[in-house]
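# Observations on the three-dimensional arrangement
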Protein chains: 2
Amino acid sequence: MTNTVEETTPGLAAAIARFTEALGEEAVLLDSARVDEFRDPFEGPGATEHQPSFVVQPGSVEEVQDVVRIARECGVQLWTSSMGRNFGYGGSAPIVGGSVVVSLRRLNRILEINEEVGYVLLEPGVTFFELYEELQRRDVALAMSVPDLGWGSVVGNALQHGFGYHEHGIHADAVCGMEVVLANGEVLRTGQGANSRSTLWQAHKRAFGPSLDSLFMQSNFGIVTKMGLWLTPRPEVIVTGSIVCEGEDDILPLIDLLRPLVRDKTVQGLPLLSATRMVDDSAEGEAADRARKLRSIMRPGRWNARVSMYGRAAVVAAQRAVIEEQVAKVPGARLELRTYAGDASVDDVHPRDRVPAGIPTMVLLDLIKEAFYGDDTGHIDFAPVIPFEGAAAARHEQMVTRVLEEFGLAGMFAWIVNPRSMVGACMVLFDKTSAEQVARAHAAVRKMCDLAAEWGWTEYRAHISLADDVAQNFDFGDHALSRTYSSIKNALDPDGILSPGSHGIWPAAT
Amino acid sequence: MTNTVEETTPGLAAAIARFTEALGEEAVLLDSARVDEFRDPFEGPGATEHQPSFVVQPGSVEEVQDVVRIARECGVQLWTSSMGRNFGYGGSAPIVGGSVVVSLRRLNRILEINEEVGYVLLEPGVTFFELYEELQRRDVALAMSVPDLGWGSVVGNALQHGFGYHEHGIHADAVCGMEVVLANGEVLRTGQGANSRSTLWQAHKRAFGPSLDSLFMQSNFGIVTKMGLWLTPRPEVIVTGSIVCEGEDDILPLIDLLRPLVRDKTVQGLPLLSATRMVDDSAEGEAADRARKLRSIMRPGRWNARVSMYGRAAVVAAQRAVIEEQVAKVPGARLELRTYAGDASVDDVHPRDRVPAGIPTMVLLDLIKEAFYGDDTGHIDFAPVIPFEGAAAARHEQMVTRVLEEFGLAGMFAWIVNPRSMVGACMVLFDKTSAEQVARAHAAVRKMCDLAAEWGWTEYRAHISLADDVAQNFDFGDHALSRTYSSIKNALDPDGILSPGSHGIWPAAT
């Protein structure tokens, strides 16, 4: 067994022994081949900055407590990861190289599915695929919201402020109650779960005093070991499809059309608004090739707003009539809608409609791989929050296109439409076996971040290498937010062992 | 001028001088007649436990910073109050008698109304009446959610996890971005507002890193000086009314009927489910008199579920048809619905329908005063969170009725229906000029809390005299939640000057 760990580091060597004693040999991954799975999957050849020293995989809450206590006693820094499938942001890799990755993949139980009340209680190792399969297996009349790729952790996604497209598509808003292992090794339950006699842990969001759920999202204040998540009743019908526009300037009327429909919930869930650069069939050269590949992947149109409705057939029919009437008023806009039964199975639903129907897939990644570099396809994501306005969207898309051109790169471009804002979802694509391409892609995204920051836009999530830069944008009151984070960090994790640097939050001890 | 302050207390005397110097004489209320307005309005004759020493009324954020700095330097404890209209929970009165009340009534500006995006930015001294009037005056096409009484602070209500009945009726969920003066005198802006170049402070709820808005609700970690709040588009139509049942056991089928309609948003906003005890016309005695008075105030029926729909006329018509069909299936249930235009003015709307229509009123209090003790009518509220189940509701109502009978008191009884839980809203009524009645009412509510706690139910808000008792229910992990609160409290307010004891959170310094 090749041991990559610097066994000369006394803390680490002692920690390995202690972790092995507490969790068993199988739960402590030291072999470089196994540790590699927890590196940034797209860091490129030769990169070492964010390399974990090794990985521990606790199998129970008690073992997570053990891990934390041992880390404190040995002075070792941890980096928590649920499934680590957030590949565009660094996977399971720690910000501080040499940290020990605490992978929660073995905490993979669906602890409760409550159809009557409409929630699930999950451990962080449960994937969207697994939850969906279990709901199907038990024929539970609840519907999930899923992100574009279904292999990730449901809990991890919500903790990272992730989005899906069904109702409850703002996953952080659907969280109701957590269990958290604190840096002192204690187990905290939030909300009604803090009352050991309550049956309402997943049913009512607040208790008495400040609600702490959001304090443990995008944070390094604790390790979340259980999470309640609200699901929506399985609708009678699902209607999903697109409003398509072909004109370069049609983003302005398209967003004007979309805004009131979103705001008054005539469409439900989160629309996905995507942009595809036009390319002449006869155009030659690498850029034209890339553009053609992207066109083959993207939905039709220069601009495409995917909209969905979920509910009782008669109500959805009334909503659909409103949309048809509104779209008809916009010159050049066309509407394509498809209807599914709420309990349609995977095979009944067109692959492109599965995500809005709440069915996890890997379709997007499969398509991208096929069109670009196969299994060597890498991506880094640029995801700023921008105003829900046509002019802002146009400016954003032009900037990204310009930077991609400047750096000779291809990228997918879309926005996840929130009620009062939009979240950019741009994947910058590259060949991960080329260190030069990796560096170029990182430089391009850094430049996008810098340009966006000038307009007051910041990323809702960021690759680990960009965390400090993004956090720097929050400057009000001479960075009062950052100081407040640090005060809380030092109070809850005085030794600074939990995920140092996550979201720009550094312990004083560092 | 009668000075009620113990001027022999060196800290307080020095603080008065410093506050007067910083804020001006008019902003420091020392006269007992003026300070009395900030006592518990229903504490009864002779009570002194929760008496403020005096009141300061800063007129700007800078003056709030001054107040905090002076309090630290003088070692004085503060108690923050917005409007202080939460009379059933103690008004502006501090938990620790002798604290200086920081009344934010002078921070009463509506800083922004954004019709396009759908939010307002408010200071804590703005009441529901004032916001409504300003929306009307400018003819803004946005609708508010209002609680039963419109005289309170919009910000204060949301900070206390308060409820209204329109869309966004869970007011804490509608909060988007805050400005907070911390105990160190610094000003923090949360969310996108922490980025000084962002225009999205009230448009997007999270930024990068943990979201802190909920940390400053039901809390003593800072003084909120600005808050963003999402409003809903003014609907085309409002349909509101009741599902009425007369049978003693009809609460079970009524909740079974209501649950799916709430869960899939066929009804919008938060239904109000109320219970009225039957009384024979010929019955005599004090209890029968009280019951008859209450019947004259309450909505019709033994059980009454107020339901509302808001939106486009065609969609609401489809929703209404669903409700009619479902109610027809329940023997003995009858439906009464009234329709209003979304822009109906106060006079167009029946007084009983104003609150669900988003129009602030004082109707409830006026009715209660008229039926009971006039301006001497006092109340203390009992408001546990319970399961959204018929059996739980029946058990709850029987317990409250039994305790009221045991203590010889009258009370209004209702639940605010949340998507997966219900929040009890019971006002125990008494003559506030009778110390004996006040004591009896407090004892009754304490008994209700104790009985509810045995079933795992705890109050979502509580009278200041009950804060520690309610907080005690959160016992999981040997009271890990309480220790976590204390850690954060000590980090953010090491001198323990901000609202000590609020929601059971005590500083280490105490």
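Residues numbered from 1 in each chain as written. Chains lettered and ligands numbered in written order. Predicted model: local features only at pLDDT ≥ 70, side-chain atom pairs only at ≥ 80, totals over all residues. Heavy atoms only, no water.

### Structural notes on the domain arrangement of chain A
All names here are of chain A. Here chain A is partitioned into domain 1 (5–106), domain 2 (110–233) and domain 3 (237–463). The straight-line distance from the C-alpha centre of domain 1 to that of domain 3 is 35 Å. Across the boundary between the two partners, domain 1 contributes eleven residues, which contact 16 residues of domain 3. For the pair domain 1 and domain 3, the two sides together bury roughly 1000 Å², of which 59% comes from carbon and sulfur. Applying the counting criterion to the domain 1 and domain 3 interface returns zero salt bridges. Our enumeration of links across domain 1 and domain 3 arrives at two residue pairs in polar contact (both at pLDDT 80 or more). Across the side of domain 1 that touches domain 3, the residue classes tally to five nonpolar, four polar and two charged. (Domains from an automatic or database assignment. Contact = heavy atoms within 4.5 Å. Buried area = accessible area lost by both parts, 1.4 Å probe. Salt bridge = Lys/Arg side-chain N within 4 Å of Asp/Glu carboxyl O. Polar contact = N/O pair within 3.5 Å; in protein donor to acceptor, adjacent residues only side chain to side chain. Nonpolar A, V, L, I, M, F, W, Y, C, P; charged D, E, K, R; others polar.)

### A few points about the interface of chain B and chain A
Between chain B and chain A, the contact holds 95 residues from the first and 95 residues from the second. Here chain B and chain A share an interface that buries about 7700 Å² over both sides, 58% of which is from carbon and sulfur atoms. Contact with chain A buries area across many residues of chain B, yet B:F208, B:R420 and B:F476 alone supply 13% of it, more than any other trio. Between chain B and chain A we count ten salt bridges in total. Of the charged contacts, one joins A:R483 and B:E186 as a salt bridge, the two residues approaching to 2.8 Å between their closest N and O atoms. In this assembly, chain B and chain A are joined by 40 residue pairs in polar contact (both at pLDDT 80 or more). Among the secondary structure elements, those contributing two or more residues to the side of chain B that touches chain A are β9 (187–189), α6 (251–263), α8 (313–328), β17 (385–387), β19 (421–431), α11 (435–454), α12 (467–472) and α13 (476–492) of chain B. If one sorts the elements of the side of chain B that touches chain A by residue count, α13(B) sits on top with eleven residues. (Helix = DSSP H or I, 4+ residues; strand = E, 2+ residues; numbered from the N terminus.)

### Examining the packing of helix α1 (residues 10–23) of chain B against helix α3 (residues 61–74) of chain B
Think of two packed helices as two axes; the pair is described by the angle between the axes and how far apart they sit. All names here are of chain B. Packing of α1 against α3 brings their axes to within 10 Å, and their N-to-C directions diverge by 160 degrees. In terms of axis orientation, α1 runs roughly antiparallel to α3. Where α1 crosses over α3, the handedness of that crossing is right-handed. Contacts between α1 and α3 involve G11, A14, A15, R18, F19, A22 and L23 from the former and E63, D66, V67, I70, A71, E73 and C74 from the latter. (Axes fitted to C-alpha atoms, helices over the stretch in contact; angles between N-to-C directions. Parallel < 35°, antiparallel > 145°, perpendicular 65-115°, else oblique. Left-handed = near helix turned anticlockwise from the far one by under 90°.)

### Regarding the environment of B:R461
Relative to the helices and strands, B:R461 resides in the loop between α11 and α12. If we skip the residues at most four places from it in the chain, B:R461 touches A:F208, B:N86, B:Y89, B:N157, B:Q160, B:G162, B:Q218 and B:A383. In this structure the side chain of B:R461 is engaged in a polar contact, spanning 3.4 Å, whose partner is the side chain of B:Y460.

### With respect to the relation of the copies chain B and chain A
If you rotate chain B by 180 degrees and push it 0.0 Å along the axis, it lands on chain A with an RMSD of 0.0 Å. Taken together, the rotation and translation describe the operation of a two-fold axis. A shared interface surface links the copies, since 100% of the contact residues of chain B are contact residues in chain A too. (Least-squares fit on C-alpha atoms with pLDDT ≥ 70 in both.)

### Observations regarding the pattern of salt bridges
All names here are of chain B. All told, the structure shown has 66 salt bridges over all chains when counted by the stated rule. D289 is paired through a salt bridge with R292; the nearest N and O atoms lie 3.2 Å apart. Placement of the pair is D289 and R292 together in helix α7 (residues 286–297), with a separation of three residues, close to one helical turn. Assessed through its relative accessible area of 26%, R292 is described here as partly exposed. Across the salt bridge formed by E406 and K447, the nearest N and O atoms sit 3.0 Å from each other. Separated by 41 residues along the polypeptide, E406 in helix α10 (residues 390–407) and K447 in helix α11 bring together distant segments of the chain. What makes K447 partly exposed here is its relative accessible area of 30%. (Buried < 20%, exposed > 50% of the residue type's maximum accessible area, 1.4 Å probe, protein only.)

### Some thoughts on the pairing of strand β4 (residues 100–103) of chain B
Residues and elements named next belong to chain B. Covered by surrounding structure in β4 are V100 and V102 together with V101 and S103, the residues of both alternating faces. Across three bridges, strand β2 (residues 54–56) lies against β4 in parallel orientation. Its bridge partner lying in β4, V55 is registered against V101. Of the strand pairs in this sheet, strand β3 (residues 78–81) and β4 are connected by four bridges, and their pairing is parallel. Looking across to β4, one finds that S81 is bridged to S103. (Pairing = 2+ DSSP bridges.)

### Regarding helix α1 (residues 10–23) of chain A
Residues and elements named next belong to chain A. Compared with an ideal rise of 1.5 Å per residue, which puts 14 residues at 20 Å, α1 spans 20 Å between its outermost C-alpha atoms and is within 8% of the ideal. Turning to α1, its buried residues number three or more, namely G11, L12, A15, I16, F19 and L23. The buried residues of α1 occupy an angular sector of 135 degrees when projected down its axis, which confines them to one face. Turned more than 90 degrees from where α1 packs its buried face, P10 and E21 sit exposed. (Expected span 1.5 Å × (residues − 1). Arc of directions from axis to C-beta.)

### Comments concerning the sheet that holds strand β6 (residues 119–122) of chain A
Residues and elements named next belong to chain A. Strand order in the open sheet made by the five strands is β5-β6-β10-β8-β9, with antiparallel pairing throughout. The strands lining the two open edges of the sheet, one partner per strand, are β5 (110–114) and β9 (187–189). Across the sheet, the axes of successive neighbouring strands diverge by a mean angle of 10 degrees, strand direction being ignored. Inspection of the sheet shows β6 paired to strand β10 (residues 223–230) by four bridges, in the antiparallel sense. Bridge assignment links Y119 to a residue of β10, and that residue is W230.

### A look at the side chain of A:D40
Residues and elements named next belong to chain A. Mapping D40 onto the fold places it in the loop between α2 (32–35) and β2 (54–56). Put simply, D40 is tucked away with no salt bridge, and the nearest opposite charge, on R39, sits 8.7 Å away. A distance of 2.7 Å separates a polar atom in the side chain of D40 from a polar atom in the side chain of H463. When near neighbours in sequence (up to four residues on either side) are disregarded, D40 contacts F87, G90, A93 and H463. (Lys, Arg positive; Asp, Glu negative; His and termini not counted.)

### Observations regarding unusual backbone geometry
If a residue is not glycine, its phi is most likely negative; likewise, a peptide bond is most likely trans. All names here are of chain B. The residue Q218 is not glycine, and still its phi comes out positive at about 45 degrees. When its relative accessible area of 1% is taken as the criterion, Q218 is described as buried. Within the chain, H479 stands out as a residue other than glycine whose phi angle is a positive 65 degrees. For H479, the location among the structural elements is in helix α13.

### Looking at the packing of aromatic side chains
For the structure on display, the rule yields 18 aromatic pairs over all chains. With a centroid separation of 5.2 Å and 50 degrees between ring planes, the pair formed by B:F163 and B:Y460 is classed as tilted. Residue B:F163 is found in the loop between α5 (154–159) and β8 (175–181), and its partner B:Y460 is found in the loop between α11 and α12; the two are separated by 297 residues along the sequence. One exposure class covers both B:F163 and B:Y460, and it is buried. Aromatic pair B:F413 and B:W415: ring centres 4.9 Å apart, planes at 90 degrees, arrangement edge-to-face. What makes B:F413 buried here is its relative accessible area of 6%. On the basis of relative accessibility, which here comes to 0%, the residue B:W415 falls in the buried class. In this structure an aromatic cluster arises from ring pairing among A:F42, A:F87, A:W151 and A:F430. We note B:R85 situated over the ring of B:W151; from NZ or CZ to the ring centre the distance is 4.9 Å. It is B:K205 that lies over the ring of B:W230; its NZ or CZ is 4.8 Å from the centre. (Phe/Tyr/Trp six-rings, centres within 6.5 Å; stacked < 30°, edge-to-face > 60°. Lys NZ or Arg CZ within 6 Å of the ring centre and 35° of its normal.)

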